[in-house]
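Structural characterization, general
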Amino acid sequence: ESPRLQGCDSLTQIQCGQLQSRRAQIHQQIDKELQMRTGAENLYRATSNNRVRETVALELSYVNSNLQLLKEELEELSGGVDRGRHGSEAVTVPMIPLGLKETKELDWSTPLKELISVHFGEDGASYEAEIRELEALRQAMRTPSRNESGLELLTAYYNQLCFLDARFLTPARSLGLFFHWYDSLTGVPAQQRALAFEKGSVLFNIGALHTQIGARQDRSCAEGARRAMEAFQRAAGAFSLLRENFSHAPSPDMSAASLCALEQLMMAQAQECVFEGLSPPASMAPQDCLAQLCLAQEAAQVAAEYRLVHRTMAQPPVHDYVPVSWTALVHVKAEYFRSLAHYHVAMALCNGSPATEGELPTHEQVFLQPPTSSKPRGPVLPQELEERRQLGKAHLKRAILGQEEALRLHALCRVLREVDLLRAVISQTLQRSLAKYAELDREDDFCEAAEAPDIQPKTHQKPEARMPRLSQGKGPDIFHRLGPLSVFSAKNRWRLVGPVHLTRGEGGFGLTLRGDSPVLIAAVIPGSQAAAAGLKEGDYIVSVNGQPCRWWRHAEVVTELKAAGEAGASLQVVSLLPSSRLPSLGDRRPVLLGPRGLLRSQREHGCKTPASTGASPRPLLNWSRKAQQGKTGGCPQPCAPVKPAPPSSSKHPGWP
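Residues numbered from 1 in each chain as written. Predicted model: local features only at pLDDT ≥ 70, side-chain atom pairs only at ≥ 80, totals over all residues. Heavy atoms only, no water.

Thoughts on unusual backbone geometry
Along the chain, Pro316 connects to Pro317 via a cis peptide bond; the corresponding omega equals 5°. Its location among the elements puts Pro317 in the loop between α9 (289-313) and α10 (318-321). Positive phi outside glycine occurs at Ser517, with the angle close to 45°. Within the fold, Ser517 resides in the loop between β6 (511-514) and β7 (519-524). The phi torsion at Asn545 lies on the positive side, around 55°, for a residue other than glycine. By the secondary structure assignment, Asn545 is in the loop between β8 (540-544) and β9 (547-548). (Helix = DSSP H or I, 4+ residues; strand = E, 2+ residues; numbered from the N terminus.)

This is the structure in structure tokens:
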């Protein structure tokens with residue numbers, strides 16, 4: 001029998017049936033949660049009672065959490081991923097991924113067709129294919145896969161939004177569409193007319209998807225830890241970019257305070273990946289004194305990062321938005337990594353081979369000096385074995401107390417995710433600490449143990465926020481047929497001339513051409529054939545002999561004109577008009593693009609947030625670097641600087 005015709009065995013059939021059954025159950029649960037969210041959203045919009053709105057907002061937050069968990073489980077079932085295992089026996093501390101913002105369907109057809117017909121003077125119906133492509137891209141980016149392909153999909157749509165912004169919008173003109181998005185942290189809906197809200201929400205999802213990719217890596221190996229660290233760095237860069245360029249966000253997850261907290265969280269998780277990349281396997285006997293001291297300071301650095309995140313999350317307004325389980329997990333990690341720092345110092349004291357003074361760092365380089373101490377100390381490790389044993393016991397004692405505190409904090413929180421995984425990691429470390437303490441303890445040891453000093457945080461690699469690769473999904477402008485953005489956009493006004501018939505005289509056509517895409521009439525000789533036809537200096541040629549040439553190069557237009565012969569050529573040109581005033585929303589005169597500026601002020605944009613969305617009465621979402629200068633933005637601590645992306649061959653569309 002041919003192998004191609006053989007069916008799968010019964011065990012495989014049973015497993016496939018179970019997976020399909022679970023997928024069907026998840027889809028049913030998702031449909032149920034969506035129905036509940038629709039009802040709660042309608043009540044949230046309809047009521048003006050603050051108490052009812054708070055209750056409904058809490059219900060929306062609960063539904064949002066359930067939806068995120070169900071969709072993540074569905075993605076893992078579809079991808080065949082075993083949660084928490086990654087094909088490795090090692091157990092790693094769980095990370096915190098962000099859920100994606102969700103949005104409703106959007107009809108681009110009516111406003112775009114009207115704008116193309118009214119402003120660009122073309123048949124809007126002839127751009128049906130382009131509009132369908134844009135709508136299909138938006139529909140696909142609503143449910144991206146949790147991998148690089150999903151990132152490319154989101155960035156492709158983001159780049160198309162930049163093209164749309166540059167081509168169709170002016171400070172006084174909007175598309176007349178409402179963009180609906182749900183808050184990632186609370187599930188509360190928000191809507192705005194500003195395209196900047198759509199762009200900001202997609203950029204947030206790019207950062208959120210990076211967090212999910214980072215959390216799914218197998219960090220038990222060095223390469224997995226490196227990939228996870230890069231993903232968290234990219235996420236921090238996306239949130240930093242969003243915080244610096246957008247202001248007055250209508251949803252809590254995109255507020256300056258929340259974005260700053262998310263930046264700090266991502267950088268702390270990236271720092272944890274640095275530590276995991278250095279950690280030796282548990283089976284390896286730790287004999288290297290310097291290596292153990294290095295691990296101790298790296299763990300202290302991770303603990304310091306998580307303490308900073310915990311302080312930020314514990315303060316309003318972030319405290320009101322961030323899930324309680326996140327705050328608890330960050331607190332647990334801060335205690336756990338501080339205890340790990342003391343554990344590794346104890347291993348350096350008790351297991352490390354004695355070294356000469358020249359090989360060891362000084363006391364001040366490893367430990368924090370107590371406030372009462374003013375004189376410098378000697379080498380970090382005592383040379384006498386008994387002194388090493390006593391100091392090692394003191395550090396182990398602090399490690400055990402810290403690990404027990406981490407377990408206590410863990411037990412107090414009803415974490416929604418893989419809480420058993422974190423408990424297993426802390427319990428394993430606690431058992432190792434207790435075993436080592438019992439090994440060092442003696443019945444005749446009546447000496448009071450010295451107080452173990454705190455460990456100085458230090459790292460060999462400080463992660464920096466990195467810009468997301470917004471150019472990786474960059475493709476051609478979907479509305480490429482309308483012409484180059486330098487001329488054919490809603491920020492410019494022009495007059496269409498022709499077609500005019502141009503014949504060759506004794507001196508040629510009597511005009512000079514310059515530039516590419518579109519070709520410009522640089523000069524017209526007075527009294528020539530071109531002057532008689534009404535052509536003027538500064539006109540752009542858009543058609544030659546009935547062929548659209550907006551994207552033609554200079555040589556192509558010249559070749560076509562030379563081939564015209566005695567019969568002459570038919571030209572159609574556009575003449576740019578002075579931009580004395582920008583058209584209002586109801587103005588139907590042709591207009592187009594000048595500088596590639598982004599939304600500078602929502603007051604200029606002429607839009608208001610509907611009162612039913614519950615959004616802040618402040619101006620709408622801004623996209624502006626200048627708006628953020630000199631503002632603290634509610635960020636408790638300076639966030640990590642964004643590492644610039646490598647230079648690209650082409651500038652990102654719509655970027656200042």
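Now that the structure has been shown, we can carry on.
Some words on the environment of Glu305
You can see Glu305 is positioned in helix α9. Take Glu305: its relative accessible area is 12%, and that puts it in the buried class. For the pair Glu305 and Ala268, spaced 37 residues apart in sequence, the C-alpha separation works out to 5.2 Å. Not counting chain neighbours up to four residues away, the residues in contact with Glu305 comprise Ala268, Gln271 and Lys462. (Buried < 20%, exposed > 50% of the residue type's maximum accessible area, 1.4 Å probe, protein only. Contact = heavy atoms within 4.5 Å.)

Focus on α9
Between its terminal C-alpha atoms α9 stretches 36 Å, which fits the 36 Å expected from 25 residues at 1.5 Å a residue. With 18 of 25 residues buried, α9 lies mostly within the body of the structure. (Expected span 1.5 Å × (residues − 1).)

Here we look at the pattern of salt bridges
By the definition in use, this model includes 22 salt bridges. Of the charged contacts in the structure, one is a salt bridge between Lys462 and Glu305, with a shortest N-O distance of 2.2 Å. Pair noted here: Lys462 is in the loop between α14 (419-440) and β4 (465-466) and Glu305 is in helix α9, with a separation of 157 residues, a long-range link. With a shortest N-O distance of 3.4 Å, Asp516 and Arg553 are connected by a salt bridge. A residue pair is termed long-range when its members are at least 10 positions apart, and Asp516 in the loop between β6 and β7 and Arg553 in the loop between β9 and α16 (554-562) qualify at 37 residues. (Salt bridge = Lys/Arg side-chain N within 4 Å of Asp/Glu carboxyl O.)

Some details on the pairing of β8
Within a regular strand, the side chains alternate between the two sheet faces. In terms of residue burial, β8 counts as a mostly covered element, since five of its five residues are buried. For β7 and β8, the ladder comprises two bridges, and the chain directions are antiparallel. Each residue of the ladder has a partner; that of Val519, found in β8, is Ile541. Here β8 runs beside strand β10 (residues 569-576); their pairing, made up of four bridges, is antiparallel. Paired with Tyr540 across the two strands is Val574, which belongs to β10. When β8 meets β9, the two strands line up antiparallel, connected through two bridges. Residue pairing for β9: Ser543 is matched across the bridge by Pro548. The antiparallel hairpin formed by β8 and β9 contains two residues in its connecting segment, where Asn545 sits at a positive phi of about 55°. (Pairing = 2+ DSSP bridges.)

With respect to the side chain of Thr429
In this structure, Thr429 sits in helix α14. Leave out the neighbours within four places in its chain, and Thr429 touches Tyr336, Leu340 and Gln403.

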